Amino acid sequence: MTLFITFEGPEGSGKTTQIRLLADALRSQGYDVLTTREPGGTVIGDAIRSVLLSIEHHTMSPRAETLLFNAARAQIVDEVIRPALDAGRIVLCDRYADSTLAYQGYGREQDLDELRALGRYATAALTPDVTIYLDIDPHAGLARKRAGDAAEWNRMEEETLAYHQAVRAGYHALAAQEPERWLLLDATARPGVLHETLLSRLEPHLIAMKERNPA
Ligand code: TYD
């Protein structure tokens, strides 16, 4: 059994809660599940994360930003995600290569084809089986974030509302290009309701996984 599931969404979409609920549900069904997050998830990735997200680094060049996100990604793929998939586990990852297309591509207007080529290099062409997208208006999402832990507030969240709206529109464009991979969900639903919807939308993918790997 092996399935690579990524979570995407604008700020404050509640990914963390949904990943926890999904991991618990899958484990209770007997699956071996690993959860991780980007940027970070490794000692090297966490060091890169603090360079990327420090509020003081407001002069960071968009290309440096892109490369650092991809550097953290290469590390987590080699050290964590690929070995877990090879061991037959289900991997749930909070953000992955689509975040770079949305935030650095649509958000910072960097060339999408170049970002895709770089992403293939960074991931050694590992693509998710399923991407769960939790949709929320950035205005509401950022308000949720602001109401949370101030220590979590980071350099990307400092960006303008217009930036975050471009990111969200980018996600919608990406999802439309690969509708079979993306599951779109309304992140404003109550967490328990959202979790149930997510589980039922994921069910066909779990069934397909079992058919691919009969016990
Ligand atoms: P984080 O605190 O992990 O935010 P969230 O809980 O919303 O995932 O911070 C990660 C930030 O980095 C977030 O604003 C999204 C941004 N990001 C990119 O801009 N590009 C990327 O490739 C990735 C992985 C994240």
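This text gives an overview of the structure that appears in the document. (Residues numbered from 1 in each chain as written. Predicted model: local features only at pLDDT ≥ 70, side-chain atom pairs only at ≥ 80, totals over all residues. Heavy atoms only, no water.)

Quick word on the pattern of salt bridges
Step number 1: Scanning the entire structure with this criterion turns up 13 salt bridges.
Step number 2: Taking the shortest distance from any N to any O, the salt bridge between glutamate 38 and arginine 73 comes out at 2.8 Å. With glutamate 38 in the loop between β2 (33–37) and α2 (43–53) and arginine 73 in helix α3 (residues 62–86), this residue pair connects regions lying 35 residues apart in the sequence. Here glutamate 38 matches arginine 73 in class, with each residue buried.
Step number 3: One salt bridge connects aspartate 86 with arginine 82, and the closest N-O pair in it is separated by 3.5 Å. Here arginine 82 and aspartate 86 lie together in helix α3, a separation of 4 residues that amounts to about one turn.
Step number 4: We classify aspartate 86 as exposed; its relative accessible area is 58%.
Step number 5: It is possible to trace a salt-bridge network through shared partners that takes in Glu65, Arg108, Arg155 and Glu159. (Salt bridge = Lys/Arg side-chain N within 4 Å of Asp/Glu carboxyl O. Helix = DSSP H or I, 4+ residues; strand = E, 2+ residues; numbered from the N terminus. Buried < 20%, exposed > 50% of the residue type's maximum accessible area, 1.4 Å probe, protein only.)

Overview of the packing of aromatic side chains
Step number 1: One pass over the structure, following the stated rule, counts 6 aromatic pairs.
Step number 2: Arranged with centres 6.2 Å apart and planes meeting at 65°, the rings of tyrosine 171 and tryptophan 182 form a pair that is edge-to-face. With tyrosine 171 in helix α7 (residues 161–177) and tryptophan 182 in strand β5 (residues 182–186), this pair connects stretches of sequence that are 11 residues apart. Exposure class is identical for tyrosine 171 and tryptophan 182. Each is buried.
Step number 3: A connected cluster of aromatic rings, assembled from ring pairs, spans Tyr103, Tyr133, Tyr163, Tyr171 and Trp182.
Step number 4: Taking the ring centre of tyrosine 96 as reference, the NZ or CZ of arginine 73 above it sits at 6.0 Å. (Phe/Tyr/Trp six-rings, centres within 6.5 Å; stacked < 30°, edge-to-face > 60°. Lys NZ or Arg CZ within 6 Å of the ring centre and 35° of its normal.)

Observations regarding the site of the ligand
Step number 1: Not every one of the 15 residues close to the ligand is listed here, only the nearest: Glu11, Lys15, Arg95, Thr100 and Gln104.
Step number 2: Take arginine 95: an N or O atom from its side chain is 2.6 Å from an oxygen atom of the ligand.
Step number 3: The contact in question runs from an oxygen atom of the ligand to an N or O atom on the side chain of threonine 100, over 2.6 Å.
Step number 4: Considered on its own, the ligand offers 540 Å² of accessible surface; in the complex 95% of this is hidden by protein.
Step number 5: Among the secondary structure elements, those contributing two or more residues to the shell around the ligand are α2, α3 and α4 (97–107).
Step number 6: When residues in the shell around the ligand are grouped by element, the largest group, 4 residues, is from α4.
Step number 7: Of the residues that constitute the shell around the ligand, the class distribution is 4 nonpolar, 4 polar and 7 charged. (Near = heavy atom within 4 Å. Polar contact = N/O pair within 3.5 Å; in protein donor to acceptor, adjacent residues only side chain to side chain. Areas by Shrake-Rupley, 256 points an atom, 1.4 Å probe, with all protein chains shown as cover. Nonpolar A, V, L, I, M, F, W, Y, C, P; charged D, E, K, R; others polar.)

Looking at the environment of glutamate 211
Step number 1: Here glutamate 211 shows up in helix α8 (residues 191–212).
Step number 2: Distance from glutamate 211 to methionine 1, taken between C-alpha atoms, is 9.5 Å for residues 210 residues apart in sequence.

A word on the nonpolar core
Step number 1: Residues Ile5, Leu22, Ile90, Leu92 and Ile132 are the most contacted members of the largest nonpolar core, which totals 25 residues.
Step number 2: Only β1 (3–8), α1 (15–28), β3 (90–94), β4 (130–135), β5 and α8 provide two or more residues apiece to this core.
Step number 3: Apart from the residues within four sequence positions on either side, isoleucine 5 is in contact with Ile90, Val91, Leu92, Cys93, Val130, Ile132 and Leu202.
Step number 4: Formed by 18 residues, the second largest nonpolar core is a distinct cluster that contains Ile48, Phe69, Leu101 and Leu174. (Core = buried A, V, L, I, M, F, W, Y, C linked by side-chain atoms within 4.5 Å. Contact = heavy atoms within 4.5 Å.)

Thoughts on the packing of α3 against α4
Step number 1: Axis separation between α3 and α4 bottoms out at 10 Å; the angle between their running directions is 170°. In this view, α3 runs roughly antiparallel relative to α4, as classed from their interaxial angle. Contacts between α3 and α4 involve Glu65, Thr66, Phe69, Asn70 and Arg73 from the first element and Ala97, Thr100 and Gln104 from the second.
Step number 2: Each residue belonging to the contact of α3 with α4 can be placed in one class, and the counts come to 2 nonpolar, 4 polar and 2 charged. (Axes fitted to C-alpha atoms, helices over the stretch in contact; angles between N-to-C directions. Parallel < 35°, antiparallel > 145°, perpendicular 65-115°, else oblique.)

Quick notes on α3
Step number 1: Helix length check: α3 (25 residues) gives 34 Å between terminal C-alpha atoms against 36 Å at 1.5 Å per residue, within 8%.
Step number 2: At valine 77, α3 is deflected by roughly 50°, the largest bend along its length.
Step number 3: All buried positions along α3 are accounted for by Glu65, Thr66, Phe69, Asn70, Ala72, Arg73, Ile76, Val77, Val80, Ile81, Ala84 and Leu85.
Step number 4: On its buried face, α3 sits against β1, β2, α2, β3, α4 and α5 (112–123). (Expected span 1.5 Å × (residues − 1). Bend = angle between axes of the 7 residues up to and from the residue.)

So, to be careful, I would describe these as geometric facts and stop short of saying anything about function.
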